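Analysis of the macromolecular model
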Amino acid sequence: LLQLSVPLNFIGFVYREIRQGLTDIEQMFDLLEVEAEVVDHPDARPLDIHQGAIAFRDVHFSYDPERPILKGISFDVPAGKTVAIVGPSGAGKSTISRLLYRFYDVQKGAITIDGQDIREVTQKSLRAAIGMVPQDTVLFNDTIAYNIRYGRPSATEEEVHAAAEVAQIGSFIESLPHGYETMVGERGLKLSGGEKQRVAIARTILKAPPILILDEATSALDTTTEHEIQAALDVVSKNRTTLVIAHRLSTVINADEIIVLRDGGIAERGTHADLLAQDGLYASMWNRQREATQAEEHLRKVRESD
Ligand code: ATP
């Protein structure tokens, strides 16, 4: 399988991955399969990034021709601003982030960054410009320090520690007997979803990309963890063009614009206040979620007082 179509620049990557053991090799195959979906245009140039303004223009996409997922989506993420995508489960929110990272190509329409169609730039330069904090971060079977430094391998120890501080995970790491040298992953310390996400945030802080994609965890985090992660994300997204894929709504209140997806189209758009005033889909999702959160908090208090 490896011999089939692995591009040369993958060899270093493959070597590092093999070092990580079997679990990561499986992930690597997943990655390679994804890689195979798109190829660089023969005249592809490096992305020339000025401000990092993103535009989706009449974007159509389906995984399976029988079932369109996005049916003509247009929106902008102006340089330095934050746009959040919300909508019912399965609406295509994460698909938007995969298209921007170019795991797949759009079937009609275009996605541009600073006016350049992302199909016409090298994938390497595109991905170097984008920091992705995914829903479920997969950590390498290595130390915490290695996992954070992966964002910028040349980073010094001080820089790794500073990034961890900003990501609100520094004091947790220091409390471990082996600190930054603690082994994590399959064969090491198992980190919680929220801890893994903060490691991913620290990694992204080191990478310091002009564009950020935050694909929020679907799983419910407790309120304290959620606030800590939100504080960390606010720091990273400041002055960076940020696309938030929000599976919960609590994190989108401060977005410059919220796009509500439904049935492959944009059902509503505006700020949190605009959308509440419209009293439509967003408002009903918001009210439902607030009730659910209150019920959860109530349950937790009851359990704690037992
Ligand atoms: P959620 O909030 O539940 O994560 P979402 O809005 O992010 O949902 P997507 O992950 O974008 O939804 O998926 C949109 C639709 O596309 C879903 O119906 C899903 O089943 C389908 N889909 C996603 N990935 C693939 C794939 N690789 N192949 C085929 N269909 C897919």
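Residues numbered from 1 in each chain as written. Predicted model: local features only at pLDDT ≥ 70, side-chain atom pairs only at ≥ 80, totals over all residues.

As recorded in an unreviewed UniProt entry, the protein goes by ABC transporter ATP-binding protein/permease and comes from Pseudorhizobium endolithicum.

Focus on the site of the ligand
Around the ligand there are 13 residues in total, and Y63, S89, K93, S94 and T95 lie nearest to it. Looking at the shell around the ligand residue by residue, the classes come out as three nonpolar, eight polar and two charged. (Near = placed C-beta within 6 Å. Nonpolar A, V, L, I, M, F, W, Y, C, P; charged D, E, K, R; others polar.)

A closer look at the sheet that holds strand β2 (residues 70-77)
The four strands lie next to each other as β2-β1-β4-β5, forming an open sheet whose pairing is antiparallel. Whereas interior strands pair on both sides, the edge strands pair on one side only; in this sheet they are β2 and β5 (116-117). Most of the contacts of helix α4 (residues 93-100) go to strand β1 (residues 54-61), to which it runs at about 115°, and overall it touches β1, β2 and β4 (108-113). (Pairing = 2+ DSSP bridges. Helix = DSSP H or I, 4+ residues; strand = E, 2+ residues; numbered from the N terminus. Contact = placed C-beta atoms within 7 Å. Axes fitted to C-alpha atoms, helices over the stretch in contact; angles between N-to-C directions.)

Examining the nonpolar core
Among the nonpolar cores identified, the biggest contains 66 residues, and I201, A202 and I258 are the most heavily contacted of them. Looking at this core element by element, the count peaks at six residues for helix α9 (residues 193-207). Apart from the residues lying within four places of it in its own chain, the contact partners of A202 are I148, A163, A164, A167 and I169. (Core = buried A, V, L, I, M, F, W, Y, C linked by C-beta atoms within 7 Å. Buried ≥ 20, exposed ≤ 12 C-beta atoms within 10 Å, placed from the backbone.)

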